[in-house]
Amino acid sequence: MAQKYRLPEGGRVDRSQPLRFTFDGKSYEGFAGDTLASAMMANGLRLVGRSFKYHRPRGIITSGVDEPNALVDLYSGTSKHEADARTTMAELVDGMDAKSINNYPLLKYDVGAVNSIFSKFFVSGFYYKTFMWPKAAWLKLYEPFIRKAAGLGTAPTVPDTDHYEKHYGYCDVLIIGAGPAGLAAARQAARSNARVWVVDDQPELGGHLLTRSATIDGKDSDAWIAEVRAELEAAPNVTLKTRAQAISYFDMNYVAIWEKVTNHMANPPANMPRERLYRVRAGQVIIASGSHERPLVFADNDRPGVMLAGAAETYVKRYGVKPGKRAVAMVNNDYAYGSILALLDAGIEVPLVCDLRQEPDGALTQAVKDRGVPIRAGHAIVAIKGKNSVRGVKVAALSEDGKALAEGEKPASQACDLVVHSAGWTPAVHAHCMARGKLAWSDDMSCFLPSEGSDANPNVSAGNCAGQMDLASVLTSGHEAAGQVLEALGMPANNAPAAPTADPEAASSTRILWIVPGEKELGYGSAKHFIDFQNDSTAFDVQLAVREGMHSIEHVKRYTTTGMATDQGKLANLNAIGIVSEALDVAPEKVGTTTYRLPYTPTTFGVIAGRDIDELLDPARTTAMHPWHEDNGAVYEDVGQWKRPWYFPKKGESMHKAVLRECAAVREDVGILDASTLGKIVVKGPDAGAFLDLVYTNKFSSLKPGKCRYGLMLNEDGMILDDGVTSRISDDEFYMTTTTGNAAPVLDHLEEYLQTEWPHMQVYLTSVTEQWATATIAGPKARDLLAEICSDVDLSAEAFEFMSWREGTVADCPARIFRISFTGDVSYEINVPSDYGLHLWNTLMQVGRKYGITPYGTETMHVLRAEKGFIIVGQETDGSVMPFDLDMNWIVSKKKGDFIGRRSLYRSDMSKPDRKQLVGIKTVDPSVVLEEGAQLVRELKAQPPMDMVGHVTSSYMSPACGRSIALGIVKGGLAAKGETLYSPQPDGKVIEVVTCSPVFFDPEGSRQNG
Amino acid sequence: MLLIDCPHCGPRNESEFHYGDQAHIARPENSESMSDQEWAEYVYLRENPKGLFRERWVHSAGCGRWFNAVRDTVSSRIVATYKQGEEAPISAEEEGGLL
Ligand SMILES: [Zn+2]
């Protein structure tokens, strides 16, 4: 029969709108207004998942954001796939497809449950203790085992095609939570001139009033909520967001709010995002986030059919569903009797209530008693019968101190299919704590309450989360919180309403028993007292952790994994603190809490990413010549955000072959490289030369216009920051180039010194990287080629020397030609305004055909420069390399005055003989190419560990040298050139190498100067 | 996400800025005559007080200018921001002590 646990009437579901859904492939029916959890419950589905460690069968425990067990995968295998969705938070949608998780092959017969049988071995610190030794077993045995056993839902297999939005919001007052406290605050704030935001995670306003209705201002709470809602919706200064969860609270009242926009729609309009992330900066925040009901820690309190009393009440009252037919309750407070009354009203049989209190008191307790339900004072549920579903309980009287069964007590059995329990309510202080607020322990309420706030985050907590538990004081505290923040803002309410009123509740007692004893002592027998229902940590685990020396709650958390599950300890943490405090015999205040981490609840990656995906997250920068590269089959290398051609393979050509061909073309004919990505900075002003003298190790103020100079730039610690060629354009203008990846950091570095250390200098810095396109032609025929398309510059070696530049016309474009070389061959870097870049490239390719022009990419560039021993910053250097380490003393001026990093070069550490220094490396077998990053040792031993004295930084097969070549940094390498070193390989083989000069090709430089 | 009041542009989100550590430390002009120890202290060591701290920020994604701020390192509240070359609106005694 469909929905056999649905009540004939009542609840807030719409019985006229039936919705279909599937769970593990079987089809069921629910109603609009259901959550997936309530719809599953209406169909009698109790076993909804299995736990993380023991794979114990699990059911629904809560009705909200704190649910640890009832998680499912939604829409598996589709673009809407959502892993580990909480059924209690998922609004039922027609066609919803849910799948149970963490079980294989079938929910009812789970093979992982064998862990349950071996649970003796799964105690605290199990992972640390068991999987330590032997090492070899880790890879083969333990790791695959954990991988298979662990994990919850499955990862999506297809891309998410929905879109997600981000939105900034600004307001004077942000109200988190629209329960009675939040609504009382909102009503008053709405009547001020303040801009007000009100957010709540539920589709309906009202919070706990949706579960337990009441009389407010003399009317039914439903009517009161409707009235407030109408007023908020009509107020132009109020933004009201439902289905919107405040997930994170950052400094200076910056709050992230996750709104589910169309998740609840079966056919959402295509233009609407699935979810949205609001980032709201608020002047003042009112935190009205309520509280979570606390579980009692008793034997087998995890069996399907055991749930929190308040949750059971919610299923009955809000969703019109019966969580069972016959319920036994165990409580320690009067409020929970309200839940029992709800069960009775729904026709659920309640044969008995165990009350941990010796003398149960309170109005609701009395009301249950008046209905003829037997209340057993000082009694507890000491055992649960049934595995996949509760079949009954055993009840016994407790000893005076509540730590054991009463002397000679024989537990009595009671059949039931539902157990509801409550240890009271824990204020949800998460937002207060994320906002750097402090907590204080309340002995009266046995929980932590907000105390001091942070002056960086002006906020006020109101209602349950501030420790106000009865409705009358909840309403008053919300109202007063609004008054307080409006006053702080200087925006009092016009025509302020009176505080809403409700009947005050008479005080009643509670009794805290952190652990409810079972039939056997903790740790004996098969019963388990769970604290964390998802991570399967038990009261015994926590006690054991304390005995083994974990006295800090942070250590206990990590050792036992308590509170580390996806519910982040919403149910577990306070019980863990209570048990630790008892085990250590210190006050809970001394135990303290673990850090309340953001986000408050698991959040989808989709909403965190928003539109910042693919090219909008990481845009690709392309040069003016990019269309040609595209048309001619370039393979790219990403350098920063730039797409740089890596090599240009001919059809069917391997990378190795392509690079050999490109290298040969440069050495024999002419090659062409797109060098547009180099960083370019104009340094201009009367003090430009003096400024460059301060930022480079060598002198630039003496450079003549028309000349170029290689420069090395250091950080203040003496380590190499960047290198590049800078040319003098005129007396007051220089044109600086930086490495491709360093353009922005170098500009920042220069700006910082210019603004903060030398503000008196008249210098302007302008990035012109995007303004110029650069084609570099290199090789013996480069000059002849250039001469064909440039007639207004004398290109002869005498008139246009190496390391100088000329202004002229190339391919009919205005151009700056720099005669510099990163290849060791004659080379011209032709710069034209970017818009002419493609034209220049096309012309060079066309005219160059008869010279055998060959485009080459960054790989060939690297080989050619390595043949010459030219370093690449970031490859030969790593932030710990200074000029002397590279044998570059020649570039460090001794004569000129100060420069950035100068003093550091003369610290005693810098002259230590065992610094790592740049050397060339030749393998004894010339055909062997070392791997970049390979470690080098001087003394070879039979097996590791060996003293590593350096590593390979660059390594290639060099066609010009006819052998492999490499660069590396080696301890004391400069003085020991010619020594034999070894590179032990992972497979046990050893490559023998000899160090040498890093310049492998044309050491005299006759080719580049010619 | 701090809200930082750039003295040139006004209040902007922290994501537009970069941090520059302790303010008002001039680069020594006499580094030649400084001992290794003194130089290392200039390069590597900065105060890390609990309380008010004068520090540098740069509005990288805005005007690009460096300026100074006084921030309470306990709460991260920014007490004041001021332009380069201006005096911090706190005394030396207040630095490192909560107001
Ligand atoms: Zn600015």
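Above: the structure in question.
Just so it is clear, the model here is predicted, and its values are computed rather than measured.

Student: Which residues make up the overall build of chain A, and what values do they have?
Tutor: Scanning chain A from N- to C-terminus turns up 26 helices and 49 strands. The principal-axis extents of the C-alpha atoms in chain A amount to approximately 115 × 75 × 55 Å. Across the 1010 residues that make up chain A, the buried fraction comes to 58%. Considering only residue pairs separated by 6 or more positions, chain A has 67% of its internal contacts joining residues 24 or more positions apart. Taken as a whole, chain A presents about 41,000 Å² of accessible surface, with 53% of it coming from carbon and sulfur.

Student: Any details on the coordination of the zinc ion? Residues and values, ideally.
Tutor: Residue and element names in this part refer to chain B. Taken together, Cys6 (SG), Cys9 (SG), His59 (ND1) and Cys63 (SG) make up the protein donors of the zinc ion, found 2.0 to 2.4 Å from the metal. When the donor residues of the zinc ion are listed from N- to C-terminus, their spacing reads C-x2-C-x49-H-x3-C. Of this pair, Cys9 sits in the loop between strand E1 (3–6) and strand E2 (10–13) while His59 sits in the loop between strand E4 (52–58) and strand E5 (66–72); the two residues are 50 residues apart in sequence, bridging distant segments of the chain.

Student: A description of the interface of chain B and chain A should follow, citing residues and the corresponding values.
Tutor: With 29 residues of chain B at the interface, the matching set in chain A holds 29 residues. Among the residues of chain B in contact with chain A, Met1(B), Arg27(B) and Asp36(B) are the three that bury the most area, contributing 28% of the side total. Where chain B packs against chain A, one counts six salt bridges. Two residues, Glu752(A) and Arg56(B), come together in a salt bridge whose shortest N-O distance is 2.7 Å. Put simply, chain B and chain A have 20 residue pairs in polar contact (both at pLDDT 80 or more) between them. For the side of chain B that touches chain A, the elements supplying multiple residues, two or more each, are helix H1 (36–44) and E5 of chain B. With six residues, the single largest contributor to the side of chain B that touches chain A is H1(B). Among the residues forming the side of chain B that touches chain A, the class breakdown is 15 nonpolar, seven polar and seven charged.

Student: Hey, could you go over the sheet that holds strand E21 (residues 379–385) of chain A for me, with residue numbers and the actual values?
Tutor: Residues and elements named next belong to chain A. The antiparallel open sheet is built from three strands, whose spatial order is E21-E22-E23. With one partner strand each, in any of the chains shown, E21 and strand E23 (412–415) form the two edges of the open sheet. On average, each strand axis in the sheet is inclined to that of its neighbour by 30°, with strand direction left out of account. Of the strand pairs in this sheet, E21 and strand E22 (residues 392–397) are connected by six bridges, and their pairing is antiparallel. Looking across to E22, one finds that Ala383 is bridged to Lys394.

Student: Talk me through the environment of Lys317(A); I want residue IDs and the actual numbers.
Tutor: Residues and elements named next belong to chain A. Here Lys317 lies in helix H7 (residues 309–317). Remark: the alpha-carbon pair of Lys317 and Leu7, spanning 310 residues in sequence, is separated by 9.8 Å. What Lys317 contacts, discounting residues up to four positions off in sequence, is Gly11, Arg12, Thr211, Ala342 and Asp345.

Student: Give me the lowdown on the packing of helix H12 (residues 539–547) of chain A against helix H14 (residues 573–584) of chain A, citing residues and values where you can.
Tutor: In a pair of packed helices, the angle between the axes and the distance between the axes together describe the arrangement. All names here are of chain A. The geometry of H12 relative to H14 is characterised by a closest axis approach of 10 Å and an angle of 45° between their N-to-C directions. Taken together, the axes of H12 and H14 lie oblique to each other. Between H12 and H14 the crossing geometry is right-handed. Facing H12, whose interface residues are Ala539, Val542, Gln543 and Val546, H14 presents Ala576, Ile579, Val580, Ala583 and Leu584.

Student: Report on the pattern of salt bridges, specifying residues and quantitative values.
Tutor: Residue and element names in this part refer to chain A. Applying the stated rule across the entire model yields 52 salt bridges over all chains. Between Glu788 and Lys850 there is a salt bridge, and its shortest N-O distance comes to 2.8 Å. Here Glu788 is found in helix H22 (residues 782–789), whereas its partner Lys850 is found in the loop between helix H23 (837–848) and strand E43 (854–855), with 62 residues between them in sequence. By relative accessible area, Glu788 is classed as partly exposed at 38%. The exposure class assigned to Lys850 is exposed, which follows from its relative accessible area of 61%. Residues Glu979 and Arg938 are paired through a salt bridge, measuring 2.8 Å at the closest nitrogen-oxygen approach. With Glu979 in the loop between strand E47 (963–971) and strand E48 (980–984) and Arg938 in the loop between strand E45 (935–937) and strand E46 (948–958), this residue pair connects regions lying 41 residues apart in the sequence. Glu979 gets classed as buried once you look at its relative accessible area, which sits at 17%.

Student: So what's going on with the sheet that holds strand E33 (residues 671–674) of chain A? Residues and values would help.
Tutor: Residue and element names in this part refer to chain A. Read across the sheet, six strands follow the order E40-E41-E42-E39-E33-E43 without closing on themselves; strand pairing throughout is mixed. Every interior strand has two partners, whereas the edge strands, strand E40 (804–810) and E43, have only one. Sheet topology places E40 next to strand E41 (residues 813–819); seven bridges connect them, and they run antiparallel. Considered in E41, the bridge of Ser804 is made with Arg819.

Student: Any details on the side chain of Asn43(A)? Residues and values, ideally.
Tutor: Residues and elements named next belong to chain A. Its place among the elements puts Asn43 in the loop between helix H1 (36–42) and strand E3 (49–50). Of note is the side chain of Asn43, whose polar atom sits 3.4 Å from the backbone nitrogen of Gln3. Polar contacts involving the side chain of Asn43 include one to the main-chain carbonyl oxygen of Ala39, which spans 2.7 Å. Not counting residues up to four positions away in its chain, the partners in contact with Asn43 are Ala2, Gln3, Lys4, Phe21, Tyr28 and Glu29.

Student: Mind laying out the environment of Leu308(A), listing which residues take part and the relevant values?
Tutor: All names here are of chain A. Tracing the sequence through the fold places Leu308 in strand E17 (residues 306–308). A sequence separation of 13 residues divides Leu308 from Pro295, and the C-alpha atoms of the two residues are 6.4 Å apart. Once residues lying within four places of it in the same chain are set aside, the contact partners of Leu308 are Ile61, Thr62, Glu293, Arg294, Pro295, His421 and Leu571.

Student: Give me the packing of helix H19 (residues 655–668) of chain A against helix H24 (residues 858–867) of chain A: which residues, what numbers.
Tutor: Residues and elements named next belong to chain A. Viewed as axis vectors pointing N to C, H19 and H24 meet at an angle of 55°, and their least axial separation amounts to 9 Å. The orientation of H19 relative to H24 falls into the category oblique. Every pair of crossing elements has a handedness; the one defined by H19 and H24 is right-handed. Together, Met655, Val659, Glu662, Cys663, Val666 and Arg667 of H19 and Glu859, Thr860, Val863, Leu864 and Glu867 of H24 make up the contact between the two elements.

Basis of the calculations
- Residues numbered from 1 in each chain as written.
- Chains lettered and ligands numbered in written order.
- Predicted model: local features only at pLDDT ≥ 70, side-chain atom pairs only at ≥ 80, totals over all residues.
- Heavy atoms only, no water.
- Helix = DSSP H or I, 4+ residues; strand = E, 2+ residues; numbered from the N terminus.
- Buried < 20%, exposed > 50% of the residue type's maximum accessible area, 1.4 Å probe, protein only.
- Contact = heavy atoms within 4.5 Å.
- Areas by Shrake-Rupley, 256 points an atom, 1.4 Å probe, with all protein chains shown as cover.
- Donors = N, O, S within 2.8 Å, 3.2 Å for Na, K, Ca; no water.
- Buried area = accessible area lost by both parts, 1.4 Å probe.
- Salt bridge = Lys/Arg side-chain N within 4 Å of Asp/Glu carboxyl O.
- Polar contact = N/O pair within 3.5 Å; in protein donor to acceptor, adjacent residues only side chain to side chain.
- Nonpolar A, V, L, I, M, F, W, Y, C, P; charged D, E, K, R; others polar.
- Pairing = 2+ DSSP bridges.
- Axes fitted to C-alpha atoms, helices over the stretch in contact; angles between N-to-C directions.
- Parallel < 35°, antiparallel > 145°, perpendicular 65-115°, else oblique.
- Left-handed = near helix turned anticlockwise from the far one by under 90°.

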